[in-house]
Amino acid sequence: MAVVQIEITRRQAYAEGREFGAYGGYERIDGKLHYAVDPLDPSNAGIVDIELAPREGGMVHFNGDFTLIKPSEKQPRCLLLEVPNRGNRISFRMFNQARLQDVAEDPCSPGDGFLFENGLALLSVGWQFDAPGMKLDVPEACEDGKRLQGEVVCQVQPSQASDSIFVGQLGPASYRPTQGKSAFAALYEREHTHAEHQLWSREDWGFGRLVEGGIDERPDHVWARTGFQAGRFYTLVYRTEGAPVVGLGLLALRDAAACFRSDQYPGGSAPPPHVVAFGASQTGRVLRHMLYEGLYRSETGETAIDGMLPHIAGAQRGDFNHRFAQPSSMGVPACGQLFPFAGATTTDSLTGNRDGLYRDRSNLPKVFITNTSWEYWRGDAALAHVSTDGLTDVQQSPNERLYLFAGTHHINAIVPLTDQFALTGERVRYTMNTVSYTPLIRCALMNLVNWIEGNAAPPVSKVPRVATGSLVSRDTVIRKFAESGRFEHLPDPEVLTGLSTLQLGDQADQGICKFPAKQGQRYPSMVCNVDDSLNESAGIRLPDVAVPLGVHTGWNPRGPDQGAPTQAATFVGLTRFEKSLVGTYRKSDYQRKSRRVIDELIDRRFVLSEDRALLAKSAAIRFSMAKRFAE
């Protein structure tokens, strides 16, 4: 077994002894998992640089944080393996609706207890070597006793003009630039992510921050003599020394799953019979990467993970398994943005390569792929189910379901109405999207659990398709918005993000990349078509979209003071309530029609019956908001 020790540092009653339905009280266990893996085992061979890691007794050792919340006395129905996002536990807010202020005080705040009322145990596992929260300590690869050197890439799009910028990728900077004779660094600028890189003169910038009286030398900032412009993209490539074996994080997740479903389970009862892995955004891409590497089976080939729910991951993988990888990186072209994108094996129309996410089909888990409209508008989510020429719907695996949560965006509902993103302080052109997909993701999880248990097959996939005319280019939808005359400010499809063929150097197949990537032909960026109300016409449509009081999108232009106003803001869509729609309903009529939509969603098993009241309350709140703020 790859987990050689479960080190428990704290064990206590969870949520002050609160009872959760038929499963009663829960217990919380915190500690560290100690791993030892054989670098010569074929099941571990896909981890870049594992053969260069130090060994003890022929094994590579590493350790990381874990938290287990499980029924105190009963066997859990299923173990939910949560992949923390940049060190942060995510299931308590995503499924249990824990309030932000409660999670700030206790990251395991129970919220409404949804997961535990349904008998699930929750295991959070540190997997990221450079995370500020839950993390994994991994060894460094060396060759002939020497530390490895290589290239690191960072990309920044500042939202205000400045003479200095931070170069960490949604978190602390992962690697320090080398000094002295081996030092190398290059800074490039471009207008948008498909434009050519323009190299800066090395005399015009440097590492550090400009301060009164000189330069504060810091490895995680760069300064520019002429300053950085808002909305422009700046790509920094520099040489570093010391290569942690980043891909061991994928093995940690696999081996933790295998451990906690075995007789090593420290729960005081029989271990859980099944494991479902959940990740969102960054960690949804982690799960897609594990699927590609076949890391849902243990070292011995047995099932470690029965089901996977990669949420809001689009059709990408990520920076999780190459030399000098930065797991927190987002949107920087690298190994994780390469073909394949769909589960089934297909041929890339641009390169001729043939591959699929599910390239190893033995013991393939059940997979739910869920996305919001934002991941489609980012330019890649449709590639999970359409050919790379955009002409044909890809045949799905029997073990796979795909769902679009229509009219929603990456960060879920933002209420009350605001045009400022609290996470970054950035402003967008229109107020942010108010549609909550919480009932949909909760039901998706339970549908997946029921499928694994053999209780019921889940609903068929609900995504826009080429064959029905519901999957179209971004240009088509933007044209409809323009022709409506209702939106003055629209994004320019030509400068929106998307995927393209990449050249990453001659050693990219070995996980050693040359940066910045050379970008070639663009893959099609396709989105859901819209109806006469300008709301999306396919996918799973909540009352907000099916009985609209306004327009809800997965895109929102950057604010005019943030630079690049024809580009879309990161993570957010828009909601605009409209008098022409609100005026067609009395409150009682709207509530009646909303209830009809809710009943249909429950009948079709896209929403749980226990969330009927949650959706009805949401509809009432939206009606009041619309009456007040309609334009």
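Below you will find a few notes about this structure. In this text, all values refer to a predicted model and were calculated from it rather than measured experimentally.

## What about the environment of Ser-436?
Structurally, the position occupied by Ser-436 is in the loop between strand S24 (400–405) and helix H7 (438–453). Taking the C-alpha atoms as reference points, Ser-436 and Asp-544, separated by 108 residues in sequence, lie 9.1 Å from one another. Of note is the side chain of Ser-436, whose polar atom sits 3.3 Å from the side chain of Thr-438.

## A word on the packing of helix H11 (residues 587–603) against helix H12 (residues 612–629)
Where H11 meets H12, the axes come as close as 10 Å, and the angle between the chain directions of the two elements is 145°. Where H11 crosses over H12, the handedness of that crossing is right-handed. Counted together, Lys-587, Tyr-590, Gln-591, Ser-594, Ile-598, Asp-599 and Ile-602 of H11 and Arg-612, Leu-615, Ala-616, Ala-619, Ala-620, Phe-623 and Ser-624 of H12 form the full contact between these two elements. Among the residues forming the contact of H11 with H12, the class breakdown is eight nonpolar, three polar and three charged.

## Looking at the nonpolar core
Grouped burial of nonpolar side chains is what soluble globular proteins tend to show. Counting 110 residues, the largest nonpolar core has Leu-248 and Ile-305 as the members making the most contacts within it. Leave out the neighbours within four places in its chain, and Leu-248 touches Val-37, Ile-47, Ile-50, Val-60, Phe-62, Leu-136, Val-138 and Pro-139. Val-103, Tyr-403, Met-446 and Val-547 belong to the second-largest nonpolar core, a separate cluster that totals 59 residues.

## Some points on the packing of aromatic side chains
Considering all chains together, one arrives at 30 aromatic pairs under this definition. Taking the centre distance of 5.7 Å and the plane angle of 80° together, the rings of Trp-127 and Phe-320 count as edge-to-face. Of this pair, Trp-127 sits in the loop between strand S5 (120–125) and strand S6 (136–137) while Phe-320 is found in the loop between strand S20 (307–311) and strand S21 (346–347), placing the two residues 193 residues apart along the sequence. When its relative accessible area of 4% is taken as the criterion, Trp-127 is described as buried. By relative accessible area, Phe-320 is classed as buried at 1%. Each member of the aromatic cluster is reached from another via a ring pair, and the members are Trp-377, Tyr-430, Phe-481, Phe-487 and Trp-555. If you follow Arg-401 out to its NZ or CZ, it ends over the ring of Trp-451, 4.7 Å from the centre. Its end group placed over the ring of Phe-487, Arg-576 keeps NZ or CZ at 4.0 Å from the ring centre.

## Comments concerning the sheet that holds strand S7 (residues 140–143)
The sheet built from three strands is open, its strands ordered S8-S7-S18 with antiparallel pairing. Since the sheet does not close on itself, it has two edges, and those belong to strand S8 (146–147) and strand S18 (243–244), each with one partner. Of the pairings in the sheet, the one linking S7 to S18 comprises two bridges and is antiparallel in character. Looking across to S18, one finds that Ala-141 is bridged to Ala-243.

## Regarding the side chain of His-221
Inspection of the secondary structure puts His-221 in strand S16 (residues 221–228). For His-221, a relative accessible area of 11% translates into the label buried. Within polar-contact distance, the side chain of His-221 engages the side chain of Asp-220 at 2.9 Å.

## Examining H11
Relative to the 24 Å expected for 17 residues at 1.5 Å per residue, H11 spans 24 Å between its end C-alpha atoms, a close match to the ideal helical length. One or two residues past the end of H11 sits Arg-605, with phi positive at roughly 65°.

## Digging into helix H4 (residues 248–260)
End to end, H4 covers 18 Å across 13 residues, agreeing with the expected 18 Å (1.5 Å per residue, within 8%). Summarising burial for H4: 13 of the 13 residues are buried, a large majority.

Cut-offs and rules
- Residues numbered from 1 in each chain as written.
- Predicted model: local features only at pLDDT ≥ 70, side-chain atom pairs only at ≥ 80, totals over all residues.
- Heavy atoms only, no water.
- Helix = DSSP H or I, 4+ residues; strand = E, 2+ residues; numbered from the N terminus.
- Polar contact = N/O pair within 3.5 Å; in protein donor to acceptor, adjacent residues only side chain to side chain.
- Axes fitted to C-alpha atoms, helices over the stretch in contact; angles between N-to-C directions.
- Left-handed = near helix turned anticlockwise from the far one by under 90°.
- Contact = heavy atoms within 4.5 Å.
- Nonpolar A, V, L, I, M, F, W, Y, C, P; charged D, E, K, R; others polar.
- Core = buried A, V, L, I, M, F, W, Y, C linked by side-chain atoms within 4.5 Å.
- Buried < 20%, exposed > 50% of the residue type's maximum accessible area, 1.4 Å probe, protein only.
- Phe/Tyr/Trp six-rings, centres within 6.5 Å; stacked < 30°, edge-to-face > 60°.
- Lys NZ or Arg CZ within 6 Å of the ring centre and 35° of its normal.
- Pairing = 2+ DSSP bridges.
- Expected span 1.5 Å × (residues − 1).

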